[in-house]
Amino acid sequence: MAFQSTVCPHDCPSTCALEVDVLDTHRIGAVRGAADNTYTAGVICAKVARYAERQHHPDRLTHPLIRTGPKGGGAFRRASWDEALDLVAARFQDIAARHGPAAVWPYYFAGTMGLVQRDGINRLRHAMRYSRQHNTICSTVCESGWMAGVGRYGGPDPREMADADLVVMWGGNPVSTQVNVMTHVTRARKARGAQLVVVDPYRSPTAAAADLHIAPRPGTDAALACAVMHVAFRDGHADRAYMAQYADCPDRLEAHLRSRTPEWAAAITGLTAAEIESFARLYCTTERAFIRIGYGFARSRNGAVAMHAVTCLPTVTGKWRHPGAGAFWNNRGTGIYHWDKTLIEGLDIRDPTTRVMDMSRIGAVLTGDPAELGDGPPVHALLVQNTNPAVVAPDSNRVRQGLLRDDLFTVVHEQFMTETAQLADVVLPATTFLEHDDLYGAGGHTHLQVGRTLVEPPGECRSNHEVIGALATRLGAQHPGFAMTALEMVDATLRASGWPGAAAVIAARWIDAADPFARSHFLDGFGHPGGRFRFAPDWAAIGPHHAGMPALPDQWAATDEATADHPFRLVAAPARNFLNTTFTETPGSRRREGRPTALLHPDDAAGLGVGDGDPVRLGNTRGEVLVHARIATGMQPGVVVVESVWPNKDFGDGIGINALTSDAPAAPNGGAVFHDTAVWIKAEPTALLAS
Ligand code: SF4
């Protein structure tokens, strides 16, 4: 055997082109990045380079399981696939007959980013008229903010970062979460002497590698962006000719920003006016300034407003039109890939009247919150694929309370016995990306790829596609997609989307779907009518939660602000060696991460009487968590950072970080607000935590 091509399926914008050393029909060795892919460029993260640890982990689920003891007690017995699937189908049919099909809620997310294995669950949902899911847990706030101004997905090719003289990484930490960004930044630094500026409330590994780290208080990014635009107008860097052609109301914006001075922003962000002036001057005077927009700063109640404000920067300064300049967030499937997912998702049989519920509010849904259930029935059955809501969803104490309901029948199809699977009635073993076929676009670059089956799965693991098809047969669901193989779905979806078929893509290894320069830089106009960028968004057209949103880019006081009772602002940032809860099971990742840790400013630690390594308790009205403290510089007093998503069981009390985060829907269209949390912190008087 030899190195075989495939694609990283994980929830990461890099979607690396991989080469896997296939040792035999069941085993892999090394995993490396494809050197000849112009985005991956031979670089992948360490957690996937160690993928053999995960692939051949002794804790992989290998057989269907049926619960035998009390819910959550961990007692299961082995079952055959027929017994398990017959039970699931019978319970779903019974629940639908008694409560209506809306009482069944298929629930999924991005544990794999492959279109067939991730999104096929929607085909079963639509065929059976089960409740729908508003997919808010990751991108919705960013989408709202991006679309508010830009009006369509896409943007400058991320490889153009190598052609920039300044890269501003705003609200992201690619060293930990999409390492390939750094490849292209490094090229710019070497070839052009480019500078890297990182805007992040704490000194992340990317911030530590930057030429300049700007650390605003969490939730104040819009104030910083407004002050930069103020300087642009004040000092003659605004590109008035560009705005006259490409923007909706530059005069109104200029008048509005007159009072948004660096001093004004300093009082909000906690930065100094001199820092803001200096950053604004650097940005405004650098023609090739590329803003790489991350997700972090948008995970806030005012995140869409902040995202929109950041996208206004290259519009005010006219930078969109230059090579190596502009702003890029994500290509999305409806952007450069123009996926037609009718076959995969059964969009042709979707009933638009079926109930839609917010996936970030799964705790509210499962505990019967009428605001989420609407006039539909309580949820009595869950089918979970590709996600671990007991740990990753906000307000996790409430999620667990819901999952423990005795009148809830939960099916979890997983690779490992996650904490959600432990709360299930039926657990089904799932394949990894090396054991099934799938189709991938990429949020963070422009290639589309097909991943093939490279090895046999252990035990009796089945792919998501196979399980959805087997349930469809038992439930009598009708759609042509249920009878097709995954590769046939890949082929048909490619062709329906205007691309060559699967065989051609596999032979080529990838297709570069990049838009031409004029389109990716919006020289042909932005996505709104008239081709104009909107400084004044139509928030009401984007989502229902638009009340009070500012008419123009501005700081919006909608966040969970620190108070006397909750004086700290918590950022639940991603850990470098985990990807949400994926890889929390691999020894290499666990060893490198150490243990759940709260990063505290030295002044705060002193005020709390906490030393490095001491146990501390963080809490708010939703819950409490117990972790070790680490004293850290590179952030403002009053900010606390807990990198995660560690499993609940790794925390002192067995309760994970999302016990503290809120499931409040971000404006205007929902979205999880993971980095918008006020907490108290107390020194834990006794050393309750193991080291
Ligand atoms: S950087 Fe992202 S896409 Fe690349 S191998 Fe790691 S997790 Fe996968």
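Data block above holds the structure.
Cut-offs applied
Residues numbered from 1 in each chain as written. Predicted model: local features only at pLDDT ≥ 70, side-chain atom pairs only at ≥ 80, totals over all residues. Heavy atoms only, no water. Helix = DSSP H or I, 4+ residues; strand = E, 2+ residues; numbered from the N terminus. Rg over C-alpha atoms; globule rule 2.2 N^0.38 Å. Buried < 20%, exposed > 50% of the residue type's maximum accessible area, 1.4 Å probe, protein only. Contact = heavy atoms within 4.5 Å. Areas by Shrake-Rupley, 256 points an atom, 1.4 Å probe, with all protein chains shown as cover. Lys, Arg positive; Asp, Glu negative; His and termini not counted. Charge placed at Lys NZ, Arg CZ, Asp CG, Glu CD. Near = heavy atom within 4 Å. Nonpolar A, V, L, I, M, F, W, Y, C, P; charged D, E, K, R; others polar. Arc of directions from axis to C-beta. Salt bridge = Lys/Arg side-chain N within 4 Å of Asp/Glu carboxyl O. Pairing = 2+ DSSP bridges. Axes fitted to C-alpha atoms, helices over the stretch in contact; angles between N-to-C directions. Parallel < 35°, antiparallel > 145°, perpendicular 65-115°, else oblique. Left-handed = near helix turned anticlockwise from the far one by under 90°.

Comments concerning the overall build of the protein chain
Next up, step 1: Summing up its helical and strand segments, the protein chain has 27 helices and 25 strands in all.
Next up, step 2: Relative to a compact globule of 691 residues, whose C-alpha radius of gyration would be 26 Å, the protein chain shows 24 Å and is just as compact.
Next up, step 3: Each principal axis of the C-alpha atoms in the protein chain carries an extent, and together these give about 70 × 65 × 50 Å.
Next up, step 4: In the protein chain, which comprises 691 residues, the proportion classed as buried is 64%.
Next up, step 5: A separation of at least 24 residues holds for 76% of the contacts in the protein chain among residues at least 6 apart in sequence.
Next up, step 6: Summed over its atoms, the accessible surface of the protein chain is roughly 23000 Å², and 51% of this surface lies on carbon and sulfur atoms.
Next up, step 7: When the 64 basic and 72 acidic side-chain charges of the protein chain are each reduced to a single mean position, those positions are 1 Å apart.

Some thoughts on the site of the ligand
Next up, step 1: Residues in contact with the ligand, as listed here, are Cys8, Cys12, Ser14, Thr15, Cys16, Ile44, Cys45, Val48, Asn180 and Leu579.
Next up, step 2: Looking at the shell around the ligand residue by residue, the classes come out as 7 nonpolar, 3 polar and no charged.

Examining helix α22 (residues 486-496)
Helical geometry: 3.6 residues make up each α-helical turn, so side chains three or four residues apart lie on a common side.
Next up, step 1: If you check which residues of α22 are buried, you get Ala486, Met489, Val490, Thr493 and Leu494. In a view along the axis of α22, the buried residues occupy a sector of 130°, so they form one face of it.
Next up, step 2: In the segment just after α22, Gly498 is the residue with positive phi, at about 90°.

Focus on the pattern of salt bridges
Next up, step 1: Tallied over the entire structure, the rule returns 45 salt bridges.
Next up, step 2: We note a salt bridge from Glu53 to Arg50, for which the minimum N-O separation is 3.9 Å.
Next up, step 3: Asp512 is the partner of Arg159 in a salt bridge, and the nearest nitrogen-oxygen pair spans 2.8 Å. On the criterion of sequence distance, the pair formed by Arg159 in the loop between α6 (140-149) and β8 (166-170) and Asp512 in strand β19 (residues 511-512) is long-range, its members being 353 residues apart.

Remarks on the sheet that holds strand β23 (residues 623-631)
Next up, step 1: One closed barrel accounts for 6 strands, arranged β20-β24-β21-β23-β22-β25; its pairing is mixed. Taking each pair of neighbouring strands and ignoring which way they run, the sheet shows an average axis angle of 45°.
Next up, step 2: Across 3 bridges, the pairing between strand β20 (residues 568-571) and strand β25 (residues 677-683) is antiparallel. Considered in β25, the bridge of Leu570 is made with Thr677.

Remarks on the packing of helix α5 (residues 121-128) against helix α21 (residues 464-475)
Next up, step 1: Look at α5 against α21: their axes get within 9 Å of each other, and the N-to-C directions meet at 15°. Taken together, the axes of α5 and α21 lie roughly parallel to each other. The handedness of the crossing between α5 and α21 comes out as left-handed. Contacts between α5 and α21 involve Ile121, Arg123, Leu124 and Met128 from the former and His465, Ile468, Leu471, Ala472 and Leu475 from the latter.
Next up, step 2: Looking at the contact of α5 with α21 residue by residue, the class counts come to 7 nonpolar, 1 polar and 1 charged.

Brief notes about the sheet that holds strand β5 (residues 76-78)
Next up, step 1: Pairing in this open sheet of 6 strands is mixed, and the strands run β5-β4-β16-β15-β14-β6 from one edge to the other. Where the open sheet ends on each side, the last strands, each with one partner, are β5 and β6 (104-108). Along the sheet, successive strands turn relative to each other by an average axial angle of 15°, direction set aside.
Next up, step 2: Two elements, strand β4 (residues 65-67) and strand β16 (residues 426-429), share 2 bridges in a ladder whose sense is antiparallel. Paired with Ile66 across the bridge in β16 is Val426.
Next up, step 3: The strands touched by α21 are β14 (381-385), β15 (409-414) and β16; relative to β14, the strand with the most contacts, the crossing angle is about 150°.

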